[in-house]
Amino acid sequence: MILLLGVSMVGISVAEPTSFSTAERLLVVVMIAASLGVFAWRSWPIAGNILGSKKDADFSLRPVGRRVWEFFWEVLCQSKVIRQRPLPGLAHAFVFWGFLAFALVTLNHLAVGLGHGFLQYAGAVGTFYEVFAGVWAVLVAVSIAGLFVRRFVVRPRWLGEKVSVESGVIAGLIFLLMVSYLATFFVGDKGFAVRGLWWVHTMCLLVFLPIIPRTKHLHLVLSPLTVFLKRREFSQLPKLEGDEDFGLVAGKDLTQVIALQAYSCVECGRCTEHCPAASTGKVLNPKEIVLGVRSYLNAEGPGSEVALLDGGQAALSMEAAFECTTCGACEFQCPVGVQHLPVLIGLRRGAVNTGAWEDRYGTKLFLALEKQGNSLGMSSMEREKFIAKQGFPVFDGSQEYCLWLGCMGSYDPKGREIVADFARVMQYLGTQFGVLSKEKCTGDPARRLGNDLVFGDLAEQGLKTFANAKVKKIVAICPHCVRTIATDWLEYGVAPEIEHHSEFMARHAQLLPKQEGESIVYHDPCYLGRYREVYDEPREVVAAAGTLVEAERNRERSFCCGAGGGLAFLGEESGERVSHVRATELMATGAQTIGTACPFCNSMFRDALGAVGGEHPPQLLDIAQLTARVLFKDADQEHK
């Protein structure tokens with residue numbers, strides 16, 4: 001870099017061939033046309049598969065401003081690429097920014113071959129830009145060499161076992177492009193050397209272009225479009241259209257957004273690296289799901305009737321589809337805008353809604369939701385007994401808040417303890433609240449497992465219940481309930497305003513006492529963190545109850561507890577248990593207490609600590625229990 005800056009100071013710029021014969025110019029034209037032609041010929045089937053897929057019925061460009069901002073931040077600034085993998089991410093960013101810087105240089109380079117170069121006529125400005133591009137050439141050369149070593153020598157396991165020859169060729173071409181450009185600063189006016197470097201650079205450009213369409217480097221063309229056109233909400237599931245839409249059953253059900261994202265996959269393995277299923281020895285690999293959709297489209301086409309799951313030339317695994325915890329780590333991590341969850345849940349919808357999925361635990365769950373109205377299959381009388389025992393007031397429309405109990409808060413013993421303590425906190429704050437006399441599941445497990453019929457019935461009943469009770473504001477201890485009511489119910493109507501109890505307590509933090517002392521490691525629930533971007537509020541609550549400790553994987557990189565996606569109700573896992581892995585991570589911090597903010601997480605860790613916690617496992621408490629313990633410490637001790 002210093003050498004190049006010195007070159008610019010003495011007025012030396014890129015050496016360019018002085019002239020080309022008519023035959024050479026004609027050859028350049030033919031070669032450019034051939035390169036573009038092969039690129040178009042190889043791209044045409046891909047474009048056909050994307051445009052030939054079913055249109056996304058619920059797609060809307062609005063809000064455009066948000067899409068423009070995400071394009072600027074994620075594509076032009078490469079924010080997600082760098083933040084989630086700093087070193088290789090920065091290397092990728094340098095290559096991308098270098099390509100942008102080289103756009104003008106490349107145009108000038110080809111124009112020189114046609115006798116119409118323009119940078120040499122721009123004087124000092126042209127010289128400055130050539131040197132500016134030279135600085136980027138150094139950065140790109142170093143970066144692409146580092147990425148080559150990482151992919152072909154170091155090779156992290158999440159990149160997969162298959163070594164892509166095309167990736168190596170393209171890395172070599174990019175490196176040669178940079179070196180051949182930099183060499184032109186040092187050859188002076190030696191005609192043969194200048195002309196030779198020009199042809200080397202040109203051949204690299206013209207060979208590079210046709211390789212792109214059938215490799216992962218197609219993301220260079222598609223990913224900016226993918227990021228701009230991705231679904232607006234995190235894990236946004238499209239509404240089923242008509243009586244013949246059952247989800248993703250066959251190729252005819254794949255939409256244009258799904259197809260575009262499948263062809264945009266850069267195969268970086270970030271989704272695999274952070275997937276709890278893939279990390280614990282299960283069949284599911286989110287990268288292979290996306291690549292499987294791509295392979296299916298290449299083999300069968302977008303209008304095919306061949307089944308997507310367990311059928312066709314590029315079959316996707318039903319077992320893999322139903323191992324997803326819907327934690328969203330894959331979707332959050334993807335640097336090119338691929339949204340895995342609508343595909344995975346779409347495959348589940350197709351299997352469940354057509355009866356192709358047969359699972360006794362799943363059947364038991366769906367029957368429980370239909371008959372008892374809760375995921376635990378218990379009689380509503382048990383909920384009524386709990387409400388009576390606690391003396392909870394019934395919501396009559398006069399109270400400020402409706403306290404939503406949810407399945408875990410109504411029927412699970414530990415969930416009931418969490419609700420009871422949170423109610424004590426609300427009473428301490430003087431908040432008027434009541435609980436519904438009748439309450440059914442939000443339908444979250446049915447939604448994530450793909451049973452739209454059961455989910456729709458529960459959502460409609462829930463909306464009617466809120467309307468009849470004249471509920472205006474809801475607070476809940478379960479992030480799954482909050483997400484489902486606030487977002488997924490929108491297909492059937494608008495629910496009242498709802499917030500998580502961590503948000504409620506954080507807003508009243510100034511009115512709650514604080515204490516120092518024991519160390520508490522906080523576990524970020526997936527449906528509170530990645531789904532709602534609520535990270536600071538629960539930490540504020542935990543910090544008031546003790547000394548906050550962070551796990552190695554925290555906030556948006558938090559590791560799942562294993563309960564999401566309905567998996568809490570599907571029996572034993574294959575491979576290592578996700579909850580055991582996460583519980584071990586939390587214990588490794590040495591914290592005296594594990595703080596949770598989701599009753600499902602609490603339930604999973606309760607069992608995990610019994611298995612991996614040793615003789616003296618850390619205490620397990622919800623953030624509401626932590627707060628209540630501080631508030632009522634003296635009173636509880638007297639009671640004991």
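Residues numbered from 1 in each chain as written. Predicted model: local features only at pLDDT ≥ 70, side-chain atom pairs only at ≥ 80, totals over all residues. Heavy atoms only, no water.

**Quick look at the sheet that holds strand 3 (residues 473–476)**
Taking strand neighbours across the sheet as the criterion, the four strands line up as 2-1-3-4 in an open arrangement whose pairing is parallel. Sheet topology places strand 2 (433–434) and strand 4 (497–500) at the edges, where each strand pairs with a single neighbour. Sitting on the sheet, helix 20 (residues 413–428) is in contact with strand 1 (401–404), strand 2 and strand 3, with an inclination near 165 degrees to strand 1. Along the sheet, helix 23 (residues 479–486) makes contact with strand 1, strand 3 and strand 4, crossing strand 4 at roughly 160 degrees. (Pairing = 2+ DSSP bridges. Helix = DSSP H or I, 4+ residues; strand = E, 2+ residues; numbered from the N terminus. Contact = heavy atoms within 4.5 Å. Axes fitted to C-alpha atoms, helices over the stretch in contact; angles between N-to-C directions.)

**Details of the packing of aromatic side chains**
In total, this model carries 26 aromatic pairs according to the counting rule given. Pairing Phe 386 with Phe 392 gives two aromatic rings, centres 5.7 Å apart and planes at 85 degrees, and the pair type is edge-to-face. In this pair, the class of Phe 386 matches that of Phe 392, namely buried. Plain terms: the ring middles of Trp 404 and Phe 466 are 5.5 Å apart, the flat faces sit at 55 degrees to each other, and that makes the pair tilted. With Trp 404 in strand 1 and Phe 466 in helix 22 (residues 452–469), this residue pair connects regions lying 62 residues apart in the sequence. The exposure class assigned to Phe 466 is buried, which follows from its relative accessible area of 2%. By way of ring pairs, the aromatic residues Trp 69, Phe 72 and Trp 73 are connected into one cluster. When the ring centre of Phe 332 is taken as origin, the NZ or CZ atom of Lys 80, which lies over that ring, is 5.3 Å away. (Phe/Tyr/Trp six-rings, centres within 6.5 Å; stacked < 30°, edge-to-face > 60°. Buried < 20%, exposed > 50% of the residue type's maximum accessible area, 1.4 Å probe, protein only. Lys NZ or Arg CZ within 6 Å of the ring centre and 35° of its normal.)

**Some points on the packing of helix 3 (residues 64–76) against helix 9 (residues 219–229)**
Viewed as axis vectors pointing N to C, helix 3 and helix 9 meet at an angle of 140 degrees, and their least axial separation amounts to 8 Å. Here helix 9 runs oblique to helix 3, going by the angle between their axes. Of the two possible hands of crossing, helix 3 and helix 9 adopt the one that is right-handed. On the side of helix 3, the interface is formed by Arg 67, Val 68, Glu 70, Phe 71, Glu 74 and Val 75, while helix 9 contributes Pro 224, Val 227, Phe 228 and Leu 229. (Parallel < 35°, antiparallel > 145°, perpendicular 65-115°, else oblique. Left-handed = near helix turned anticlockwise from the far one by under 90°.)

**Topic: the domain arrangement of the chain**
Where the parts come together, the accessible area they lose is often given as the size of the interface. Along its sequence, the chain is carved into domain 1 (2–214), domain 2 (234–353), domain 3 (377–507) and domain 4 (511–639). Placing a centre on the C-alpha atoms of domain 3 and another on those of domain 4 gives a separation of 21 Å. Of the residues lining the interface, 29 residues belong to domain 3; the matching set on domain 4 comes to 34 residues. Of the roughly 2800 Å² buried at the junction of domain 3 and domain 4 (both faces included), carbon and sulfur atoms supply 73%. Of all residues in domain 3, the largest losses of buried area upon contact with domain 4 belong to Met 408, Arg 424 and His 480, amounting jointly to 19% of the total for that side. Counting the contacts that link domain 3 with domain 4 gives two salt bridges. Here Arg 606 and Asp 412 are joined by a salt bridge, their closest N and O atoms 3.2 Å apart. Remark: the boundary between domain 3 and domain 4 carries five residue pairs in polar contact (both at pLDDT 80 or more). The set of elements that each furnish at least two residues to the side of domain 3 that touches domain 4 consists of helix 20, helix 21 (444–449), helix 23, strand 4 and helix 24 (501–507). Of the residues forming the side of domain 3 that touches domain 4, the biggest block, eight residues, is contributed by helix 20. Its residues placed into classes, the side of domain 3 that touches domain 4 shows 15 nonpolar, four polar and 10 charged. (Domains from an automatic or database assignment. Buried area = accessible area lost by both parts, 1.4 Å probe. Salt bridge = Lys/Arg side-chain N within 4 Å of Asp/Glu carboxyl O. Polar contact = N/O pair within 3.5 Å; in protein donor to acceptor, adjacent residues only side chain to side chain. Nonpolar A, V, L, I, M, F, W, Y, C, P; charged D, E, K, R; others polar.)

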